Amino acid sequence: LEAGEAGGHPLWPMKLLVVGGGGREHALGWALRGDRRVNQIFFAPGNAGTSELGENLTIAATDGEGIAGWCAEARPDLVVIGPEAPLCAGLADRLRAERITVFGPGADGARLEGSKAFTKGLLKEAGVPTAGCERFTDYRLALAYSRAQAYPQVIKADGLAAGKGVVIAENAWEAAAALYEMMAKRVFGAAGAEVLIEEFLEGEEVSVHAVTDGQKMVVFPPAQDHKRIFDGNRGPNTGGMGAYAPAPVLGEEEMKRVRETILEPVLAGLRGRKMDYRGVLYAGLMVTRDGPKVLEFNARFGDPETQVLVPLAGARLLDVLLGAARGDLGDVGLPEVTGAALTVVVAADGYPEQPRLGDPVTLPPVPETGGMVFHAGTRWEGEQIVTAGGRVAAATGWGATLAEAHDRAYALARQIRFRGCQFRSDIGQKAFLRR
């Protein structure tokens, strides 16, 4: 292809690197590989599904030295960092220092996810609505404070805990157990050196993702995740058992309010701290009687939310990510959402505590339209795909209505087979009940 212009960015054969190996990275790679400007795509480390899109590298997502060395030699046109751990470790900073175009914030901005205490301070300064909280580094003081507060209460490890460092304590015993695990036993390592004890907010949870170049932002439709392992939101928390979008809990006016009272003040607060933030602002919100309030912020796309946002983003995803990475979104935007998407996570037996690994996986053929199976915890073992993680795959469907997306997703999920496979049967139920 000769150099040209498309959406304000060069049109040429591009080489991309996607850092990560989960369902989010397979979904991002799938969408980016579908752009005619992309002729090479690599994954570090990827999974069995990403190997069908491009080349998997034997480099872990957290191996900053290995990724930087590969980039110095290969000179990719764009690096998309998927998980939070390499962002918090400063991978984006390291690559930008080598003049590599990177989608993802530097280590300073990634503190938005890496430190809940940092985020609470920023939200307070910016006047963003959120739950009241107190911070503790002393286990005994935290325990005494917890006992003096009403229940339920929310106990959070300050640092990264793979999405599992939040406990909703219904009583004093559960609160004491959570504090002991985090602060005394250190089940999350250094992430539990400081904890936050927050007031419990009642309402409905929803996720809002925005991509920013540090000044402007492109806002995706609201999505709703399902964290608990079993139907009816029962059982332990997981990394996410399914999602759908758009979530009707936030209409057009509510989304405008989220942008004006939450997303824009947070971005202004980051700029006020001299942070050049290029990447995702992912707001986890509770829609209360008083309006949306922030539960948490993340510095990357959600998983499994990405698996439903990507099909709705249309053909402009590359332009959005590249524009943000270059610090200039220009007039790039997303098409108006006219349909819906839903994804069902198929998990291994024993997930989330002790998932079975190494079981052969049978997958359905990819539909011609309206559906896709995004791999997460999979790998090749000879000629066979086997389970390699707790969340094995995400069966995703999309269509003109949420009901159509639901039926397509579950038709795919029922065809994914391996020993002890499990999935929830009620993804999207809240949306149907609202009608």
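These figures come from a predicted structure and were not determined experimentally. (Residues numbered from 1 in each chain as written. Predicted model: local features only at pLDDT ≥ 70, side-chain atom pairs only at ≥ 80, totals over all residues. Heavy atoms only, no water.)

**Some remarks on the pattern of salt bridges**
All told, the structure shown has 19 salt bridges when counted by the stated rule. A salt bridge links arginine 300 to glutamate 84; its shortest N-O distance comes to 3.4 Å. Here glutamate 84 lies in helix H3 (residues 84–88) and arginine 300 lies in the loop between strand S19 (291–298) and helix H10 (306–312), a separation of 216 residues in the sequence. Taking the shortest distance from any N to any O, the salt bridge between glutamate 381 and arginine 379 comes out at 3.0 Å. A relative accessible area of 44% means that glutamate 381 is categorised as partly exposed. Judged by relative accessible area, arginine 379 falls into the partly exposed class, the value being 36%. Each of Asp35, Arg37, Arg316 and Asp319 takes part in salt bridges that share partners, so that together they form one network. (Salt bridge = Lys/Arg side-chain N within 4 Å of Asp/Glu carboxyl O. Helix = DSSP H or I, 4+ residues; strand = E, 2+ residues; numbered from the N terminus. Buried < 20%, exposed > 50% of the residue type's maximum accessible area, 1.4 Å probe, protein only.)

**Remarks on helix H12 (residues 402–413)**
For an α-helix the count is 3.6 residues per turn, leaving residues at separations of three or four pointing the same way. An ideal rise of 1.5 Å per residue puts 16 Å on 12 residues; H12 measures up with 16 Å between its terminal C-alpha atoms. On the buried face of H12, the contacting elements are strand S17 (242–245), strand S20 (340–347), strand S21 (371–375), strand S24 (391–399) and helix H13 (429–433). (Expected span 1.5 Å × (residues − 1). Contact = heavy atoms within 4.5 Å.)

**Some words on the sheet that holds strand S14 (residues 224–225)**
With antiparallel pairing, 5 strands are arranged side by side in an open sheet as S14-S17-S20-S24-S21. Two strands lie at the open edges of the sheet, namely S14 and S21, each paired on one side alone. As paired elements, S21 and S24 share 5 bridges and run antiparallel to each other. Paired with histidine 375 across the bridge in S24 is alanine 393. The sheet contacts of helix H1 (residues 23–33) involve S21 and S24, and relative to S21 the element is tilted by about 130 degrees. (Pairing = 2+ DSSP bridges. Axes fitted to C-alpha atoms, helices over the stretch in contact; angles between N-to-C directions.)

**Brief notes about unusual backbone geometry**
Most peptide bonds adopt trans geometry, and most residues besides glycine take a negative phi value. A cis amide bond links alanine 44 with the next residue in sequence, proline 45, at an omega value of 5 degrees. Among the secondary structure elements, proline 45 is positioned in strand S4 (residues 38–45). Along the chain, tyrosine 151 connects to proline 152 via a cis peptide bond; the corresponding omega equals 0 degrees. Relative to the helices and strands, proline 152 resides in the loop between helix H7 (139–147) and strand S9 (153–157). Here the phi dihedral of arginine 75 falls at roughly 50 degrees; this positive angle occurs in a residue that is not glycine. With respect to the helices, strands and loops of the structure, arginine 75 is situated in the loop between helix H2 (64–74) and strand S6 (78–81). The class of arginine 75 is partly exposed, set by a relative accessible area of 39%. The backbone of arginine 99 shows a phi angle near 60 degrees, a positive value even though the residue is not glycine. Locating arginine 99 in the fold gives a position in the loop between helix H4 (91–97) and strand S7 (102–103). Judged by relative accessible area, arginine 99 falls into the exposed class, the value being 74%.

**Some details on the sheet that holds strand S5 (residues 55–56)**
Read from one edge of the open sheet, 5 strands run S5-S4-S3-S6-S7, paired in parallel fashion. Each edge of the sheet is formed by a strand with only one pairing partner; in this case those strands are S5 and S7. Taken together, the 2 bridges between S4 and S5 define a ladder with parallel strand orientation. From the neighbouring strand, phenylalanine 42 faces S5, where its bridge partner is glutamate 55.

**Section: the environment of proline 129**
With respect to the helices and strands, the residue proline 129 is situated in the loop between helix H6 (116–126) and strand S8 (133–136). With 133 residues separating them in the primary sequence, proline 129 and isoleucine 262 have C-alpha atoms 7.5 Å apart. Look past the residues within four positions of proline 129 in its chain and what remains in contact with it is Thr261, Ile262, Pro292, Lys293 and Val294.

**Details of the packing of H1 against helix H11 (residues 317–325)**
Angle between the axes and distance between the axes: these two values describe a pair of packed helices. Following both chains from N to C, one finds H1 and H11 inclined at 105 degrees, their axes separated by 9 Å at the closest point. Between H1 and H11, the crossing angle belongs to the class labelled roughly perpendicular. Two secondary-structure elements touch here, H1 through Leu28, Ala31 and Leu32 and H11 through Leu317, Leu318 and Leu321. Residues that form the contact of H1 with H11 fall into these classes: 6 nonpolar, no polar and no charged. (Parallel < 35°, antiparallel > 145°, perpendicular 65-115°, else oblique. Nonpolar A, V, L, I, M, F, W, Y, C, P; charged D, E, K, R; others polar.)

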